[in-house]
Amino acid sequence: MTMRWFYYAAPQTFYGLAGRLWPWLAALALALTLAGLWVGFALAPADAQQGEGYRIIFVHVPASWMSMVIYLAMAFWAVLGLTFNTRLSGMMTRALAPTGAIFAFLSLWTGALWGKPMWGAWWVWDARLTSELVLFFLYLGYIALTSAIDDVRRADRAGALIAIVGAINVPIIYFSVKWWNTLHQGASVSITRSPSMAQMMLWGMLLMALAMWVYTLAIVCYRVRTLIIERERHTDWVKALPEVAGVKA
Amino acid sequence: MRWETWSDFWFMGGYGLYVWGSMGMTALLLLLEIAQAHLAHRRALALVRAEQSLENP
């Protein structure tokens, strides 16, 4: 089993594996998105307090979860990269960062659009919102730092430090609504109000969360292949790839 | 189905701007991300091909 993991951790084998996986993951993500939107917009009823406005939840909560999960995944690969010095780790960390940044931004954007009608404010400096903003800046900092350093290995190591140190912020975001008295409520939607309503709202949200999970896996598989080609382009196996050699007339 | 008409659907009980502003931005950014990833992949392949034709013309 251990051997198997290291086998797939070799860029050459992972390139093939990710290439076989991403089309299926992309198709599954699309199917889950359509199902989630159908449940969220066609089946789920209006909320007792927030009317139709609560439907922002179907992107807000999944995007926020993903922004935290992706950062933890980056920290995981960063630790692997620093301890085992595997080539794939740095590429995985970098492949994850843009998607994480997008989800962090979407969390803030959809949160603002939800806050305005419900709280009367686009933004407040409370613990939940501020720590999510810090997460967004951590993503931007990671991307800026790694792209500013030319030496790939050094850039990976510097980025790994941001990924690991910044991971402290993730539990802070998660528990902020408990630790501090925040405007951001723990559960704004009354899930217990009526059983049927609860189920459809919850299902819509869970389907969208699953869709974003699978989307992330798909785009990361896709993006890591680009990074593998760029970094391994002087090796014989990349030069022999059909998509490289085949098109050459 | 919860909506009588399409305009009902877009109106979203008065929250249309907020709900569709959220959904729209999500769709836009994810589509841009996909397009960017696709372009970057093609650029990487083109780079390898270019370097290869320099090595053995």
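Residues numbered from 1 in each chain as written. Chains lettered and ligands numbered in written order. Predicted model: local features only at pLDDT ≥ 70, side-chain atom pairs only at ≥ 80, totals over all residues.

Let us look at the overall build of chain B. When helices and strands are tallied, chain B shows two helices and zero strands. Referenced to the eigenvectors of the C-alpha coordinate spread, the extents of chain B come out at roughly 65 × 20 × 15 Å. (Helix = DSSP H or I, 4+ residues; strand = E, 2+ residues; numbered from the N terminus.)

This brings us to the overall build of chain A. The helix and strand tally for chain A stands at ten helices and zero strands. Beginning at the N terminus, the succession of helices and strands in chain A can be written as α-α-α-α-α-α-α-α-α-α. In terms of its C-alpha atoms, chain A occupies a principal-axis envelope of roughly 65 × 40 × 35 Å. Taking the contacts inside chain A whose residues are at least 6 apart along the sequence as the reference set, 78% of them involve residues at least 24 apart. (Contact = placed C-beta atoms within 7 Å.)

On the chain A side, the residues contacting the 25 residues of chain B number 35 residues. For the side of chain B that touches chain A, the per-class residue count stands at 15 nonpolar, six polar and four charged. (Nonpolar A, V, L, I, M, F, W, Y, C, P; charged D, E, K, R; others polar.)

All names here are of chain A. Contact geometry of helix α5 (residues 127-148) with helix α6 (residues 152-166) gives a least axis separation of 9 Å together with a crossing angle of 170°. With respect to each other, α5 and α6 are oriented roughly antiparallel. Taken together, the residues of α6 that come into contact with α5 (itself represented by L138, G141, Y142, L145 and T146) are A155, A158, G159, I162, A163 and G166. When the residues that make up the contact of α5 with α6 are grouped by side-chain class, the tally is seven nonpolar, four polar and no charged. (Axes fitted to C-alpha atoms, helices over the stretch in contact; angles between N-to-C directions. Parallel < 35°, antiparallel > 145°, perpendicular 65-115°, else oblique.)

It is worth spelling out the environment of A:A112 at this point. Residue and element names in this part refer to chain A. Following the sequence through the fold, A112 ends up in helix α4 (residues 87-119). The spacing of A112 and Q185 is 73 residues in sequence and 14 Å in space, taken between C-alpha atoms. Every residue in contact with A112, bar those within four places of it in the chain, is listed here: W122 and W123.

The end-to-end C-alpha separation of helix α3 (residues 57-84) of chain A is 40 Å, in line with the 40 Å expected for 28 residues at 1.5 Å each. Once α3(A) finishes, A:N85 follows within two positions and takes phi at roughly 55°, a positive value. (Expected span 1.5 Å × (residues − 1).)

Let us look at unusual backbone geometry. Residue and element names in this part refer to chain A. For N85, which is not glycine, the phi dihedral falls at a positive 55°. Mapping N85 onto the fold places it in the loop between α3 and α4. A residue is classified by how many C-beta atoms lie within 10 Å of it, and N85, with 12 of them, is exposed. (Buried ≥ 20, exposed ≤ 12 C-beta atoms within 10 Å, placed from the backbone.)

Turning our eyes to something else, we now look at the nonpolar core. Of all hydrophobic cores here, the largest spans 75 residues; its most connected members are A:M74, A:A218 and A:V224. Those elements that provide at least two residues to this core are α2 (11-43), α3, α4, α5, α6 and α8 (195-231) of chain A together with α2 (16-55) of chain B. Tallying contributions element by element places α8(A) first for this core, with 18 residues. Leaving out residues up to four positions away in the same chain, A:A218 has contacts with A:W22, A:L25, A:A26 and A:A29. (Core = buried A, V, L, I, M, F, W, Y, C linked by C-beta atoms within 7 Å.)

What follows deals with the environment of A:I162. All names here are of chain A. Tracing the backbone through its elements, the reader meets I162 in helix α6. On the neighbour-count criterion, I162 (22 C-beta atoms within 10 Å) is buried. Sequence separation between I162 and L30 is 132 residues; the distance between their C-alpha atoms is 32 Å.

Turning to the packing of α3(A) against α4(A), a few remarks are in order. All names here are of chain A. Packing of α3 against α4 leaves a shortest axis separation of 7 Å and a crossing angle of 155°. By the angle class used here, α3 and α4 are roughly antiparallel. Crossing of α3 against α4: the hand is left-handed. When its residues are assigned to classes, the contact of α3 with α4 shows 17 nonpolar, twelve polar and no charged. (Left-handed = near helix turned anticlockwise from the far one by under 90°.)

Between its first and last C-alpha, α6(A) extends 21 Å over 15 residues, near the 21 Å set by a 1.5 Å rise per residue. In this structure, the buried residues of α6(A) make contact with α3, α4, α5 and α7 (169-179) of chain A.

In this section: the confidence of the model for chain B. Mean pLDDT for chain B: 92, with 96% of residues reaching 70 or above. Interface scoring of the predicted complex returns ipTM 0.93; its pTM is 0.92. (pLDDT = per-residue confidence, 0-100.)

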